[in-house]
Each structure stands twice: as C-alpha cells, then as structure tokens.
Amino acid sequence: MHITFTEQAIEQLQKHQINGQEKLKLVYDSEGCGCAVSGVPTLWIVDKADDRDLTAEGTPYEVLYEKKHEVYFEERMTLGYSDNGGYILKSSGQIYNAYMRLIDKRTH
C-alpha cells in the first residue's frame, strides 16, 4: 500500500509534532457502528507500531495499518486536507472519507 500526502495534509500533520517513534496509523474504525463491515476510516497518532501492524509507504510519513483492515483500502491512496478542518482519504476510484478525524492515541 502507498499513501501520497498533499502539501496541505503535511502542513496540518506537522502541527501535531509526529517525530521519533510516534507513527500515523490508518484504521477502519467500526466501534459503535454495530457491524465490523460498517466502519469509518480514521487516522490515529500512536506511540509505536504493534507487532501485528503492517506499514504503508508514504512521504514524508509511513502509515501503519492492520492486516485485517487491508481489504477496505486500495493499493494507492491520497491523504489531503480540507478547509473545513478534516482530512480527506481518497483513491482514483473513490473517496473513503471526506472528513477524516485525526485522533491522538499517544500515552504522553
């Protein structure tokens, strides 16, 4: 999997001081949706990778994801940022989430 970041997305992500071991993680969040196949793509900031995490290539950020979520995404995607304050995850064929949240899951 490969994720291309737009300049606007990079600028917004830099405000969250992601450096060192901290990572971005793309999840298919189905909590509260009632069904595992009814979920919403969400971006997390985590302290480090889990043993089960896979890595999607990206510049300037690599993005972690779980193997079980791979089926929900395409091989090449773009992460952008909208003026309305949300991230946009899309591919050449679809928009996965036009207002994707960034959730800080670091333990600080």
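Residues numbered from 1 in each chain as written. Predicted model: local features only at pLDDT ≥ 70, side-chain atom pairs only at ≥ 80, totals over all residues. Heavy atoms only, no water.

1. Some details on the sheet that holds strand E6 (residues 76-81)
Then, number 1: What the nine strands build is an open sheet, ordered E8-E7-E6-E1-E4-E5-E2-E3-E9; its pairing is mixed. Both outer strands of the open sheet, strand E8 (95-100) and strand E9 (102-104), are each paired with one neighbouring strand and no more. On average, each strand axis in the sheet is inclined to that of its neighbour by 25 degrees, with strand direction left out of account. (Pairing = 2+ DSSP bridges. Helix = DSSP H or I, 4+ residues; strand = E, 2+ residues; numbered from the N terminus. Axes fitted to C-alpha atoms, helices over the stretch in contact; angles between N-to-C directions.)

2. Considerations on helix H1 (residues 7-14)
Then, number 1: Those residues of H1 not exposed but buried are Ala9, Ile10, Gln12 and Leu13. In a view along the axis of H1, the buried residues occupy a sector of 165 degrees, so they form one face of it. Seen from the open side of H1, the exposed residues pointing more than 90 degrees away from its buried face are Glu7 and Gln14. (Buried < 20%, exposed > 50% of the residue type's maximum accessible area, 1.4 Å probe, protein only. Arc of directions from axis to C-beta.)

3. What to know about the pattern of salt bridges
Then, number 1: Within this structure, the stated rule accounts for seven salt bridges.
Then, number 2: A salt bridge links Arg106 to Glu22, with the shortest nitrogen-to-oxygen separation between them at 3.3 Å. Of this pair, Arg106 sits in the segment after E9 while Glu22 is found in the loop between H1 and strand E2 (23-29), placing the two residues 84 residues apart along the sequence.
Then, number 3: The class of Arg106 is buried, set by a relative accessible area of 12%.
Then, number 4: Two residues, Glu70 and Lys67, come together in a salt bridge whose shortest N-O distance is 2.8 Å.
Then, number 5: A residue is classified by how much of its surface remains accessible, and Glu70, at 26% relative accessible area, is partly exposed.
Then, number 6: One connected set of salt bridges, linked through shared partners, spans Lys25, Asp50, Asp53, Glu66 and Lys68. (Salt bridge = Lys/Arg side-chain N within 4 Å of Asp/Glu carboxyl O.)

4. Re the packing of aromatic side chains
Then, number 1: Summed over the entire model, instances satisfying the criterion amount to five aromatic pairs.
Then, number 2: Relative to Phe73, the ring of Tyr28 has its centre 6.4 Å away and its plane inclined at 80 degrees; by these criteria the two rings are edge-to-face. Of this pair, Tyr28 sits in strand E2 while Phe73 is found in the loop between strand E5 (63-66) and E6, placing the two residues 45 residues apart along the sequence. A single burial state applies to Tyr28 and to Phe73, both of which are buried.
Then, number 3: Members of the aromatic cluster, connected to one another through ring pairs, are Tyr28, Tyr72, Phe73 and Tyr96.
Then, number 4: The ring of Trp44 carries the charged tip of Lys105 above its face, separated from the ring centre by 4.4 Å. (Phe/Tyr/Trp six-rings, centres within 6.5 Å; stacked < 30°, edge-to-face > 60°. Lys NZ or Arg CZ within 6 Å of the ring centre and 35° of its normal.)

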